[in-house]
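# Reading the structure
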Amino acid sequence: MDETNFVVVRTIHDPEAALIIRNALLAEGIECIIDGELQGGLTSVLPIKIRVPETKKEAADAYLSEHHAE
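Notes on the structure follow. Values in this document were obtained by computation on a predicted structure and should not be read as measured data. (Residues numbered from 1 in each chain as written. Predicted model: local features only at pLDDT ≥ 70, side-chain atom pairs only at ≥ 80, totals over all residues. Heavy atoms only, no water.)

### Concerning helix 2 (residues 57-67)
Here helix 2 has its buried residues at Ala60, Tyr63 and Leu64. Down the axis, helix 2 shows its buried residues gathered within 95 degrees of arc, on one side only. Among the exposed residues of helix 2, those pointing more than 90 degrees away from its buried face are Glu58, Ser65 and Glu66. Summarising the contacts, the buried residues of helix 2 are in contact with strand 1 (6-12), helix 1 (15-27) and strand 3 (48-53). (Buried < 20%, exposed > 50% of the residue type's maximum accessible area, 1.4 Å probe, protein only. Helix = DSSP H or I, 4+ residues; strand = E, 2+ residues; numbered from the N terminus. Arc of directions from axis to C-beta. Contact = heavy atoms within 4.5 Å.)

Structural data, given as C-alpha cells:
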C-alpha cells in the first residue's frame, strides 16, 4: 500500500483553475490530487484543495509561485 503523505499547496474556489493547476503540476512530473472538485450545486462556494506528496511540496510551491500566482 502506498504511504505517501499529501499536503495542500493551494486552496482555491474555481474548479476549472484547479484542473489547470493539476495538469501543469503533472506536466512538471509532480503527482497531484484535488480534493473537493465535485461540488454539485455549490461550485465556487466550497474550497478546493490541491495536494502534492510532501516530498514534492517545495518544488510545487516554487512552480506555482512562478507560473500560477495567487
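Structure's up, so let's keep going.
### Considerations on the packing of helix 1 against helix 2
Relative orientation of the contacting elements helix 1 and helix 2 amounts to 120 degrees, with a least axis distance of 11 Å. Regarding the angle of helix 1 to helix 2, the classification is oblique. Like other packed secondary-structure pairs, helix 1 and helix 2 cross with a definite hand, here right-handed. Each of Ile21, Ala24 and Leu25 in helix 1 lies in contact with helix 2, whose residues at this interface are Ala60, Tyr63 and Leu64. Here the residues of the contact of helix 1 with helix 2 sort into six nonpolar, no polar and no charged. (Axes fitted to C-alpha atoms, helices over the stretch in contact; angles between N-to-C directions. Parallel < 35°, antiparallel > 145°, perpendicular 65-115°, else oblique. Left-handed = near helix turned anticlockwise from the far one by under 90°. Nonpolar A, V, L, I, M, F, W, Y, C, P; charged D, E, K, R; others polar.)

### Some remarks on the nonpolar core
Soluble globular proteins: nonpolar side chains tend toward being buried together. The biggest cluster of nonpolar side chains holds 16 residues, and the ones touching the most others in it are Leu25, Ile50 and Val52. Counting only elements with at least two residues in this core, the list comes to strand 1, helix 1, strand 3 and helix 2. The element best represented in this core is helix 1, accounting for four residues. (Core = buried A, V, L, I, M, F, W, Y, C linked by side-chain atoms within 4.5 Å.)

### Some thoughts on the sheet that holds strand 3
Within the open sheet, the three strands sit side by side as 1-3-2. Their pairing is antiparallel. Whereas interior strands pair on both sides, the edge strands pair on one side only; in this sheet they are strand 1 and strand 2 (33-35). Strand after strand, the sheet turns through a mean of 30 degrees between neighbouring axes, direction not considered. Here six bridges tie strand 1 to strand 3, and the two strands are oriented antiparallel to one another. Looking across to strand 3, one finds that Phe6 is bridged to Pro53. Across the face of the sheet, helix 1 comes into contact with strand 1, strand 2 and strand 3 while running at roughly 10 degrees to strand 3. Strands strand 1 and strand 3 of the sheet are contacted by helix 2, whose axis makes an angle of about 20 degrees with strand 1. (Pairing = 2+ DSSP bridges.)

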